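# Geometric and topological summary
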Amino acid sequence: MTVADERTAEAAAGTEPPAEPSRYSLRHPKSRIAWIRPAVWAPLLVMLALLALLWQWGADELPYLLPPLGKIGTSLTAEFGYYVDNALVTLGEAAAGLGMGFAAAFVLAVLTSELPLLRRAVMPIAVVLNVTPLVAIAPALVVAFGFGPLPKLVIAALICFFPILINTAAGLRSVPRQVLQVYRTIDAGRVELLWYVRIPHALPFLFAALRIVLPLSIIGAVVAEMSASGSTRGLGTVISVASSMNQLPVVYASILVLAVMGVLLLLAVTLVERRVLHWHDSTHD
Amino acid sequence: MDGSVKVTGTPALDLRSVRRVYGFGPSATTALDDVHLSVPAGRFVSLIGPSGCGKSTLLRIAAGLEEPDHGTVRVHGVEPAEACAAKMIGLVPQSPALLPWLSVLRNVTLPHKINKGAARRRERIAGNAERAATGAPDMRELLVKAGLGEAMHKLPAQLSGGMRQRAAIVRAFGLRPDVLVMDEPFSALDEFTRESLQDQLLDLWDELETTVLFVTHSVSEAVRLSDTVVVMAPHPGRIVDTVEVDLERPRGDRLFGERRFHEYEDLIRDRLRRAWRSEAA
Ligand SMILES: Nc1ncnc2c1ncn2[C@@H]1O[C@H](COP(=O)(O)OP(=O)(O)OP(=O)(O)O)[C@@H](O)[C@H]1O
Ligand SMILES: [Mg+2]
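Here's what I pulled together on the structure shown here. (Residues numbered from 1 in each chain as written. Chains lettered and ligands numbered in written order. Predicted model: local features only at pLDDT ≥ 70, side-chain atom pairs only at ≥ 80, totals over all residues. Heavy atoms only, no water.)

## Things to note about the overall build of chain B
A count of helices and strands for chain B gives eleven helices and nine strands. In summary, chain B has a C-alpha radius of gyration of 19 Å against a globular reference of 19 Å for 281 residues, a match within 12%. Once the C-alpha set of chain B is aligned to its principal axes, its extents read approximately 55 × 45 × 40 Å. Counting only residues that meet the buried cut, chain B has 54% of its 281 residues in that class. Taken as a whole, chain B presents about 12,500 Å² of accessible surface, with 49% of it coming from carbon and sulfur. Each charge class in chain B was averaged separately, 37 positive and 38 negative side chains, and the resulting centres sit 5 Å apart. (Helix = DSSP H or I, 4+ residues; strand = E, 2+ residues; numbered from the N terminus. Rg over C-alpha atoms; globule rule 2.2 N^0.38 Å. Buried < 20%, exposed > 50% of the residue type's maximum accessible area, 1.4 Å probe, protein only. Areas by Shrake-Rupley, 256 points an atom, 1.4 Å probe, with all protein chains shown as cover. Lys, Arg positive; Asp, Glu negative; His and termini not counted. Charge placed at Lys NZ, Arg CZ, Asp CG, Glu CD.)

Printed below as a string of structure tokens:
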């Protein structure tokens, strides 16, 4: 074999893809069949087991902070209906608040995208309030609106309002200039442009905002429930009452239910997003 | 269409003493200075010149996307804004500018759903009634003609760059515009795709009879396509030369190998070089 032959052989070996596709499909994290492989799920399982051990050890050492896992499980199964009822109350408050916040923020975002003066007046304030921990006014809202559902709705709506406003406004303004030029040369009206071009362009931004805002709405509802000492329903109320009576298993069971609720909501948003945004890069990466 | 000039009253496009300055004071850029351009209906006119000589600015002004600081612009005798309101102008930008959530077919038919009052306005503009009355062409047919029959129901992201640009061209032609303005529509494509799109563009132009204002950086593209090549120079942006390309149509590969074709290319290159030199001086 001459030197030149060797070189071409090497080059051929180097350029040949070494069974790349099959390796790729197994490693690809989004691929569904990947979960068959232990290498994919085993690390998580081991980690969970380690955390459980650590928890049990903590429960022995610090009984006033951590209840044994078994007791949490017992409380959950024994009073499952109770947890579900209260979870639904909290969920209802969070969802209604989110709906109100969403509607108001969307309308204002459309208005600011159409009226530059309004945008210049509103958006700087929105940016500041977006980084302000608005949950902090929950106690004041309770004083103002009492122990009913109203302060919970208001706080959830308020927390959701600014991220949705900012994201939607950015989305409505994200239409590429050349697209706008095409529709300006046919003299598209404002409403036509909004309906056919701007709002669909804003949808990915809207879903991004929803992902941020869903957990926030639950936090808002829970904090409002906790601040209203006269409330009788909702997981926040359950948690604060149980804490004061030192019923740690109930506290943690409620937190677990809240976590599951958050995951399910996020999952629902993801499913809707896949359907609505099937054309968008983010849904098939 | 054999290059013979049609005799019509009002030019399709008429720019007089057009001036456009960006910015103020010492940092001001004169993008266009004292530009005169009159394009008879049905002509294919290319703008060529070095970067920054105001080609895109001229195009935007002609399409009513921007107002000149000085001078007048008329499209078939009316102001560009009025022409836009009557949907007389079609724009093909440098990028296809398709809406990513709509199929190709929906993308090219969307302009028909927008500004529906335009048809009546168009009829009222003098000498235009006949054209307006012919109505919108069958978009499916047009897509098939452009080689997008298979891709009609696909999303833009599922197409190649050349197919997307073709869709953008079909979208513009679908308006049956009186004036079609195109800003370097093929600059992002490879040479093969570019040449086949040039042919298709000429076919559509031939069939739908419209006036085209076409910006390009490529001398051979300008000669292949145009009746008239307008040479521009920068600082300030202006028209320095106008070359009539007197070659018969349809222009095929045989013509592109001939000397006459290359002589036009050389002529335009020479004018471009002179434009550069005059700037350096
Ligand atoms: N919106 C704007 N604001 C400020 N200056 C601008 C603007 N648009 C264009 N210019 C300036 O005007 C001049 C002409 O620009 P134009 O885009 O028309 O050139 P062009 O011939 O299309 O160049 P290219 O071949 O690179 O596309 C340039 O000097 C440019 O910097
Ligand atoms: Mg340009």
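## Looking at empty space enclosed by the protein
All chains considered together, the criterion is met by three cavities of 30 Å³ or more. Within this model, the second largest cavity holds a volume of roughly 50 Å³. In terms of lining, the second largest cavity is formed by Val-182, Thr-185 and Ile-186 of chain A together with Ile-89, Gly-90, Leu-91, Pro-111, Arg-171, Ala-172 and Leu-175 of chain B. Only strand 5 (89–92) and helix 7 (161–173) of chain B provide two or more residues apiece to the lining of the second largest cavity. Of all the elements, strand 5 of chain B adds the most residues to the lining of the second largest cavity, at three residues. Class assignment of the residues belonging to the lining of the second largest cavity gives a composition of seven nonpolar, two polar and one charged. (1 Å grid on protein atoms, 1.4 Å probe; cavity = no way out; pocket = protein on both sides within 12 Å on 5 of 7 lines; lining within 4 Å. Points joined across faces, edges and corners; volume = space filled by probe spheres on them. Nonpolar A, V, L, I, M, F, W, Y, C, P; charged D, E, K, R; others polar.)

## Quick word on the packing of helix 10 (residues 190–227) of chain A against helix 11 (residues 235–244) of chain A
Think of two packed helices as two axes; the pair is described by the angle between the axes and how far apart they sit. Residues and elements named next belong to chain A. Interhelical geometry of helix 10 versus helix 11 gives an angle of 45° and a closest axis separation of 7 Å. Here helix 10 is positioned oblique relative to helix 11, judged by the angle of their axes. At the point where helix 10 passes helix 11, the crossing takes the right-handed sense. Counted together, Val-222, Glu-225 and Met-226 of helix 10 and Leu-235, Gly-236, Thr-237, Ile-239 and Ser-240 of helix 11 form the full contact between these two elements. Looking at the contact of helix 10 with helix 11 residue by residue, the class counts come to four nonpolar, three polar and one charged. (Axes fitted to C-alpha atoms, helices over the stretch in contact; angles between N-to-C directions. Parallel < 35°, antiparallel > 145°, perpendicular 65-115°, else oblique. Left-handed = near helix turned anticlockwise from the far one by under 90°. Contact = heavy atoms within 4.5 Å.)

## A few points about the site of ligand 1
Residue and element names in this part refer to chain B. Around ligand 1, a shell composed of 13 residues is seen, among which Ser-51, Lys-55, Ser-56, Thr-57 and His-217 lie nearest. Between ligand 1 and Lys-55 there is a distance of 2.7 Å, counted from an oxygen atom to a side-chain nitrogen or oxygen. In the environment of ligand 1, an oxygen atom lies 2.5 Å from a nitrogen or oxygen atom belonging to the side chain of Thr-57. For ligand 1, the accessible surface in isolation is 640 Å², of which the surrounding protein chains cover 62%. (Near = heavy atom within 4 Å. Polar contact = N/O pair within 3.5 Å; in protein donor to acceptor, adjacent residues only side chain to side chain.)

## Details of the layout of surface pockets
The computed volume of the second largest pocket comes to approximately 360 Å³. What lines the second largest pocket is a set of 16 residues, and nearest its centre among them are Pro-176, His-201 and Trp-279 of chain A together with Leu-98 and Pro-100 of chain B. Considered class by class, the residues forming the lining of the second largest pocket number eleven nonpolar, three polar and two charged.

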